[in-house]
Amino acid sequence: MGAGLIDFFRRKLVGEPPLHPIDRRAAKHYVKQRLAHIFPELRNDPEALEKAYRELDLEPRPGSGRGGEMLFEAILPRDL
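As the structure is a computational prediction, the values presented were derived from the model and not from experiment. (Residues numbered from 1 in each chain as written. Predicted model: local features only at pLDDT ≥ 70, side-chain atom pairs only at ≥ 80, totals over all residues. Heavy atoms only, no water.)

*Asks:* What should I look at first to understand the overall build of the chain in this one?
*Replies:* The helix and strand tally for the chain stands at three helices and two strands. Taken from N to C terminus, the helices and strands of the chain fall in the order α-α-α-β-β. When burial is assessed residue by residue, the chain has 14% of its 80 residues classed as buried. Of the contacts made within the chain by residues no fewer than 6 positions apart, 24% connect residues no fewer than 24 positions apart. On the chain, roughly 6,800 Å² of surface is accessible, and the fraction owed to carbon and sulfur atoms is 59%. (Helix = DSSP H or I, 4+ residues; strand = E, 2+ residues; numbered from the N terminus. Buried < 20%, exposed > 50% of the residue type's maximum accessible area, 1.4 Å probe, protein only. Contact = heavy atoms within 4.5 Å. Areas by Shrake-Rupley, 256 points an atom, 1.4 Å probe, with all protein chains shown as cover.)

*Asks:* What am I meant to see in helix 3 (residues 46-55) here?
*Replies:* One full turn of an α-helix is made of 3.6 residues, so residues set three or four places apart face in the same direction. Those residues of helix 3 that fall on the buried side of the exposure criterion are Leu49, Glu50, Ala52 and Tyr53. Down the axis of helix 3, the buried set is contained in an arc of 160°. They therefore lie on one face. In helix 3, the exposed positions that point more than 90 degrees away from the buried face belong to Glu47 and Arg54. Asp57 sits one or two residues past helix 3 and shows a positive phi near 55°. (Arc of directions from axis to C-beta.)

*Asks:* It is not clear to me how helix 2 (residues 21-38) should be interpreted in this structure. Could you clarify?
*Replies:* The end-to-end C-alpha separation of helix 2 is 26 Å, in line with the 26 Å expected for 18 residues at 1.5 Å each. Buried residues of helix 2: Lys32, Leu35 and Ala36, and no others. Each buried residue of helix 2 lies within a common arc of 95° when the element is viewed along its axis, so the set occupies one face. Turning to helix 2, the residues buried within the fold contact helix 3. (Expected span 1.5 Å × (residues − 1).)

*Asks:* Help me understand the side chain of Glu50 in this model?
*Replies:* Structurally, the position occupied by Glu50 is in helix 3. Residue Glu50 is classed as buried on the basis of its relative accessible area of 18%.

This is the structure we're talking about:
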C-alpha cells in the first residue's frame, strides 16, 4: 500500500513518463486493427487506413485515465 501511494504522488509531482515507442506503435496497430474490423473496405487499402487513423486525431490527456494514467481521446473529424 505504501509503495503504491508513493508512486501515485511521484507521478503527480514529476508528471507522466513519456510513452515508450513500442507502446505507441502497439496502440497504433490496435487502433488500425479495430478500424479495419469496423470498416471492412479499409482492409485492403493501406493508404486509406492510414488516412482514417490520422483523421481520428488522437489527443493525449495526461492524468485523465484510471489512477492518473495517460488517456487518449479520439476526436471525430469536423466534417461529419
